[in-house]
Amino acid sequence: MHEFTPEVEALANEVLAYSLERLKSDPPLDGPLSEAELFAQVGNTITAKGLGGKEALDVFTSVLAKACISTDHPRNLAFIPSAPSEYANLFDLVVGASALYGGSWQEGAGAVFAENQALRWIADLAGLPQSSGGVFVQGGTMGNLSALVVARAQARKNFSDTTRWVIACSDQAHSSIASAAQVMDVDVLKIAVDNNGKLQGETVAKEIDALHRQSGRRVFAVVATAGTTNLGIIDDLAGIGAAAKAREIWFHVDGAYGLAALCALSVRSKFNGVENADSLIVDPHKWLFAPFDACALIYRSPDLAREVHTQHASYLDTLHDGNWNPSDYAIHLTRRTRGLPFWFSLAAHGTDAYSEAMEQSLEVAKYAAQKVSEHPNLKLLSEPELSIVAFTRTGWAASDYQKWSDELLTDQVGFIPPSSHDGQPILRFAIVNPWTKFSDIDLILQRL
Ligand SMILES: *Cc1c(COP(=O)(O)O)cnc(C)c1O
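The structure displayed is predicted, hence computed values, not measured ones.

Enquirer: So, the pairing of strand β3 (residues 187–191): which residues are in play, and what are the values?
Expert: Of the pairings in the sheet, the one linking strand β2 (residues 164–170) to β3 comprises 5 bridges and is parallel in character. When the sheet's bridge partners are listed, C169 is paired in β3 with K190.

Written as C-alpha cells, this is what we have:
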C-alpha cells in the first residue's frame, strides 16, 4: 500500500536537506516581488500532468521562498515577528509527517494530552485554578473571538432584557477586538488610556456605569490588553478585573504578545491581576519560540466554553464521551495539533530556558531604549514596559520613515516598517528573537 518509491525517497532527502540547511544557517531576510515578477519566473505551476516533486520543490526554494520575508531574521523587528526554536521547527516536521487529528481525545489523545500540559504551564504562570483549560487555536484573532462569544453567552443568561451588547476595551486594544465585535454584531466601548498608555480600572468602572444608564445596552466583556501591539503597554489588570467582577462582567485578558513574559521573573509583577481573568490568550508564535500558527486560549471555567462551542450532529455524538475534546473550546472542528511544536520545545528545553530567553529579549530591549535615548537624532517615546521600543526621528515626515524602511529592506539589513502613535509616525523595534543581539540594534541605529 505504501508508495514510498525511490523517487519519493529522493525527494524526501532533498526536502530534509533543504529544511536542515534553512534551520542551520542564518535566515536570509529576503523580500516581496510583484505578482507579475513571480509569474514571469515560475509561470503557472498548476498543470494537468504535474511538475513532479523535484521541479515543484525547486520552484519553491529558488523563487517562491525568496519572495517571503523571514520572520525569524534577527533584524526583522516588524509588527510582532517570530522566532521558533530549532526544536519547535524540527518537531513541526514530525507533526507534518504524522497525520494527527487534534479535534478529539478519541483520535488524538496523546497529542491532546501533550498540548494540555503546555497549556497548563501557561495557566499556572497566570495563576489560574487547576480547573482552567483551553485549546490552541489559529491565532489571537480567533482566540479573542472564541472567548468573547462565550462571554456573551454567559451574559445572556443573566441579563435577558439587554437589547444591545457591548465589549469594553481601551482605544489601544488590538484590531481583532473590533473584528470580533463586527462578527458578533455587538458594539465596542473604547475607553481612553491614561498618560502612560494604560487602561485604568477606575476609568473602566466609570465608563461602564455611564453606559449602563442607557436602557438596553450592556457590557458583557471587558478586554484588558497585557502588552499592546504597538507599544507593549500592560493595562491595569488588577483594577480592570475588579471593576468587571463588581459588575458581573466577563474579564478577558488579551496577551497575544505580552503574556509570554509571564515566565520572566523580572517583569512578572506587571501582570498582577491576570489571575482573575475569565479567559486569556497568548500566542506562542509571537514570543514563545513556536512556529506559526498557535494561540493558547485558556478559560477559567472551560465548562462554559464547552456549552457554547461544542458542535452537535449525529455523526459527532460518539465523540461526546466525557473526554477532553479540543474542538469544544473554540470556533473550529477539525484542527491540526498546532500546540505540539511548542510543547516539544518546552518539554525538551525545560521552562528555565524559556525564562532565560525571555529575560534576554528584555535586556536587548533595554539596551535599545538606552541607545535610542543617547542617539542625537532620535527620541524615545517611553521606557519599554516589555520588549517593544518605540521612537521618533527628529525632522522626519512620514515619507522619510517609509523611505528609510524601504532602503533598509532593499539593502537586506533589516525589516522595520514605520508605525504611528497619536497621529505621528514612529519607528518601533519588536524584540522577540533570542538571536537579536546588541550588535543588531547598533547596526540599525547607525542608519538613523
Ligand atoms: C497579534 C495580536 C493579536 C492577534 O493575534 P493573531 O495571532 O495575529 O491573530 C491580538 N491581540 C494582540 C494584543 C496582539 O498583539
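Enquirer: For the packing of helix α8 (residues 201–212) against helix α9 (residues 237–246), give the residues involved together with the corresponding values.
Expert: The N-to-C vectors of α8 and α9 enclose an angle of 25°; their axes lie 7 Å apart at closest approach. In terms of orientation, α8 and α9 fall into the roughly parallel class. The hand of the α8/α9 crossing is right-handed. Here G201, V204 and A205 of α8 come into contact with α9, specifically with G239, I240 and A243. When the residues that make up the contact of α8 with α9 are grouped by side-chain class, the tally is 4 nonpolar, 2 polar and no charged.

Enquirer: Which residues make up the nonpolar core, and what values go with them?
Expert: Grouped together as the largest cluster of nonpolar side chains are 61 residues, with contacts concentrated most on F271, W287 and F342. A per-element tally of this core places helix α5 (residues 105–126) first, with 6 residues. Summarising the domain contributions, this core has at least three residues from each of domain 2 (94–349) and domain 3 (351–445). Setting aside residues up to four positions removed in sequence, F342 forms contacts with A118, W121, I122, F136, P284, L288, A290 and Y354.

Enquirer: Can you explain the sheet that holds strand β8 (residues 378–380)? Please cite residues and give values.
Expert: Taken in spatial order, the 4 strands line up as β8-β9-β11-β10 in an open sheet, and their pairing is antiparallel. Each end of this open sheet is capped by a strand with a single partner; those strands are β8 and β10 (419–421). The average undirected angle you get between the axes of adjacent strands in this sheet is 45°. Summarising the sheet, β10 and strand β11 (residues 424–430) pair through 3 bridges and their orientation is antiparallel.

Calculation notes
- Residues numbered from 1 in each chain as written.
- Predicted model: local features only at pLDDT ≥ 70, side-chain atom pairs only at ≥ 80, totals over all residues.
- Heavy atoms only, no water.
- Pairing = 2+ DSSP bridges.
- Helix = DSSP H or I, 4+ residues; strand = E, 2+ residues; numbered from the N terminus.
- Axes fitted to C-alpha atoms, helices over the stretch in contact; angles between N-to-C directions.
- Parallel < 35°, antiparallel > 145°, perpendicular 65-115°, else oblique.
- Left-handed = near helix turned anticlockwise from the far one by under 90°.
- Contact = heavy atoms within 4.5 Å.
- Nonpolar A, V, L, I, M, F, W, Y, C, P; charged D, E, K, R; others polar.
- Core = buried A, V, L, I, M, F, W, Y, C linked by side-chain atoms within 4.5 Å.
- Buried < 20%, exposed > 50% of the residue type's maximum accessible area, 1.4 Å probe, protein only.
- Domains from an automatic or database assignment.

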